[in-house]
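Close look at the chain arrangement
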Amino acid sequence: MLFKRPDNENGHNGDVNSNGKSSSEIHRKNGVNHNHGKSFDQDGKLSSEIHRKNGVNHNHGKSFDQDTIIDSSDDSRWINLRDKFLTMVHLKIPKLYNIDEVPIYLRFNPYVKNNYRDYKLTFWQSILSWFYIHNETVNILSHGIPFIYFLLLMPQHIPWNQIDHPIFAYFHIIGCISPWLGSCVYHTFMNHRSGVKLYQQLLKWDVIGIWVTQSFGASSTIYTSLILYSAWLRYSFILIYTVIAIRVLQLTMSANCVWKRRLGFGFLVGMRVIAFFLRISAIKPGQASPLIHIIMQEIWPVLGAVISAARIPERWFPGYFDIALNSHNLLHIMVVLGAVHMHLATCHNLVWLAKLK
C-alpha cells in the first residue's frame, strides 16, 4: 500500500510503499521510466536500441539489417570523405610518425626525423593531406602553386604577336609545368598504401617531368644559341643533344641514388653551357639579347640539385628542418626561380629571333 513520504531534507516529495521503496523504483523495474518517457527492458536498455537491432529505425522510418549502414556504397564513400574533411576542419590532425615507424623506402633522407604521414593512406587520404602540416607539405605546395599559376597565366605572358616560332613557345609551356606536375603527384601519393611498387613508379614520373624540362623546355635555348651559325652545325648540335637526352632518360630512370640522377642531367647542362659559349662568341654588337636570364636559368637548378644531394642544412642539424627549409624544400624553391628565368629568357629569345630574321 502506498502512502505519502514526508518532505525530505531537500524539499522533495515522493510516493513510497510499505517496504520503503519509491514508486519510481518499482516502475523502473517494471520497464517504465517516468523521467524521460522511455521504456527499458530488464537489462536497462532502451527499447529503441532493441528495435534497431531488430532492423527498425523509428527516427527515420527505414529498415536496416545488422551489417548495412546505407543503401549506396557511393554514398558511403562520400560520407566517409566528408567525415575525414570535417575531422581536419576541427583541427583533429591525423597522427604523424617518426622515421623509425615508416618503411625503409620512405627514409630517403635520414636527417628528416619526424612528421611523416601514415604510410597506408588511401587515395582520398593522400589528397586530404594537403590540408594539414607534415614533412611533405612544403614540397607539395612549392610546386603545386606554381603549377596552377603557370598553367593558367603563363600563356598570357608570351608575346605571341611578336614571335615567328610559336612551336618553341608551346615546348616552353610544357617544359615549365611538367616537372611541377610530376613532383606534386609524387609527393602527394608517395605514402599510398600500395607500397614500394607504386612509390617507384611515382619516382619515375617525377624524373620524367624533370627530363621534359631539360629536353623540350631547353629547345628554344639551344636553337637560339646556334642561330648565328650554319644550318648543318645548328642541326647537328640539336641531333647530338637529342641523343644524349634519350640516353640520360634511360640512366636516370634506372639510377638507384640521388647523385646518379643529378649527374645524369648534368650531361645536358654541360651541352647547354657549350651552346651558351658558342652564342656569345658569335654575337655581334646590337645582336645580344639579355643573357642574365639564360645564365640564371641554369645556376638556380644546379645549385638546388647540389644542396639537395648533399642534404644541407639538415645534415648539420638533424630533426630541426623536418617541416620546412630542408634541402629538398630549397631545391623546389630554386627550381621555381630557375623556371621564372627560363620563362623570361624564352620570351626574349623568341622576340630576338623574330627581329634577327
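Scroll up to find the structure this text is about.
First, a word on what this report is: a plain description of the structure on this page. Everything numeric here is computed off the predicted structure, so don't read it as measured data.

1. Topic: the nonpolar core
With 19 residues, the main nonpolar core has Phe150, Ile158, Ile163, Trp180 and Leu350 as its most contacted residues. Among the elements of the structure, helix H5 (137-153), helix H6 (166-189) and helix H12 (327-356) are those that each provide at least two residues to this core. Excluding residues that lie within four positions of it along the chain, Ile158 makes contacts with Ile163, Ala169, His172, Ile173, His343 and Cys347. Residues Trp211, Val212, Ala218 and Leu226 belong to the second largest nonpolar core, which totals 14 residues.

2. What to know about the pattern of salt bridges
Within the structure shown, the criterion is met by one salt bridge. One salt bridge connects Arg272 with Glu298, and the closest N-O pair in it is separated by 2.6 Å. Placement of Arg272 in helix H10 (residues 258-282) and of Glu298 in helix H11 (residues 292-310) is noted, with a sequence separation of 26 residues between them. Taking the relative accessible area as the measure of exposure, Arg272 reaches 6% and is therefore buried.

3. As for the side chain of Ser178
Looking at the secondary structure, you find Ser178 in helix H6. Judged by its relative accessible area of 17%, Ser178 falls in the buried class. Discounting chain neighbours no more than four positions away, the residues touching Ser178 are Gly209 and Val212.

4. Things to note about unusual backbone geometry
A cis amide bond, omega 15 degrees, links Ile312 with the succeeding residue Pro313. Here Pro313 lies in the loop between H11 and H12. Even without being glycine, Asn115 reaches a positive phi, approximately 65 degrees. Residue position: Asn115 is located in the loop between helix H3 (73-89) and helix H4 (123-128). Given a relative accessible area of 24%, Asn115 falls into the partly exposed group. In this structure, Leu325 takes a positive phi of about 65 degrees despite not being glycine. Residue Leu325 is classed as partly exposed on the basis of its relative accessible area of 49%.

5. Some remarks on the packing of aromatic side chains
The full count for this structure, using the stated rule, is 13 aromatic pairs. With 5.2 Å between their ring centres and 70 degrees between their planes, Phe171 and Phe216 make a pair best called edge-to-face. Placement of Phe171 in helix H6 and of Phe216 in the loop between helix H7 (196-215) and helix H8 (219-225) is noted, with a sequence separation of 45 residues between them. The exposure class assigned to Phe171 is partly exposed, which follows from its relative accessible area of 23%. Ring plane angle 50 degrees and centroid distance 5.6 Å describe the contact between Tyr186 and Tyr199, whose orientation is recorded as tilted. One end of the pair, Tyr186, is in helix H6; the other, Tyr199, is in helix H7, with 13 residues separating them in the sequence. Each of the two residues, Tyr186 as well as Tyr199, counts as buried. By the ring-pair criterion, three or more aromatic residues cluster together here, those being Tyr105, Phe108, Tyr186 and Tyr199. Seen from the ring of Trp352, Arg279 lies directly overhead, with NZ or CZ sitting 5.1 Å from the centre.

6. What to know about the packing of H11 against H12
The description of two packed helices rests on the angle between their axes and on the distance between the axes. At a minimum axis distance of 7 Å, the contact between H11 and H12 shows a crossing angle of 165 degrees. Between H11 and H12, the angle falls in the class roughly antiparallel. H11 and H12 meet at a crossing whose hand is left-handed. Of the residues in the contact of H11 with H12, the class split is 14 nonpolar, 10 polar and no charged.

7. Notes on the layout of surface pockets
Left-over empty space is what a probe sized like a water molecule reveals as it rolls over the atoms. Approximately 240 Å³ is the volume attributed to the second largest pocket. Lining the second largest pocket are 13 residues, with Ser215, Ser219, Ile238, Tyr241 and Thr242 positioned closest to its centre. Among the secondary structure elements, those contributing two or more residues to the lining of the second largest pocket are H7, H8 and helix H9 (231-254). Residue classes in the lining of the second largest pocket are distributed as 10 nonpolar, three polar and no charged.

8. Details of the packing of H9 against H10
Direction vectors running N to C along H9 and H10 enclose 165 degrees, while the axes themselves pass 8 Å from each other. If you check the angle between H9 and H10, you find them roughly antiparallel. For the element pair H9 and H10, the recorded crossing hand is left-handed. On H10, the residues touching Phe237, Ile240, Tyr241, Ile244, Ala245, Val248 and Thr252 of H9 are Arg261, Gly264, Phe265, Phe267, Leu268, Met271, Arg272, Ile274, Ala275 and Leu278. Looking at the contact of H9 with H10, its residues break down into 13 nonpolar, two polar and two charged.

9. Some words on the environment of Leu96
Note that Leu96 resides in the loop between H3 and H4. Looking at Leu96, the relative accessible area reads 25%, which means it is partly exposed. Separated by 37 residues in the primary sequence, Leu96 and Ile133 have C-alpha atoms spaced 9.5 Å apart. In this structure, Leu96 is in contact with Asn115, Tyr116, Arg117, Tyr132, Ile133 and His134, ignoring residues within four places of it in sequence.

Reading guide: rules and limits
- Residues numbered from 1 in each chain as written.
- Predicted model: local features only at pLDDT ≥ 70, side-chain atom pairs only at ≥ 80, totals over all residues.
- Heavy atoms only, no water.
- Core = buried A, V, L, I, M, F, W, Y, C linked by side-chain atoms within 4.5 Å.
- Buried < 20%, exposed > 50% of the residue type's maximum accessible area, 1.4 Å probe, protein only.
- Helix = DSSP H or I, 4+ residues; strand = E, 2+ residues; numbered from the N terminus.
- Contact = heavy atoms within 4.5 Å.
- Salt bridge = Lys/Arg side-chain N within 4 Å of Asp/Glu carboxyl O.
- Phe/Tyr/Trp six-rings, centres within 6.5 Å; stacked < 30°, edge-to-face > 60°.
- Lys NZ or Arg CZ within 6 Å of the ring centre and 35° of its normal.
- Axes fitted to C-alpha atoms, helices over the stretch in contact; angles between N-to-C directions.
- Parallel < 35°, antiparallel > 145°, perpendicular 65-115°, else oblique.
- Left-handed = near helix turned anticlockwise from the far one by under 90°.
- Nonpolar A, V, L, I, M, F, W, Y, C, P; charged D, E, K, R; others polar.
- 1 Å grid on protein atoms, 1.4 Å probe; cavity = no way out; pocket = protein on both sides within 12 Å on 5 of 7 lines; lining within 4 Å.
- Points joined across faces, edges and corners; volume = space filled by probe spheres on them.

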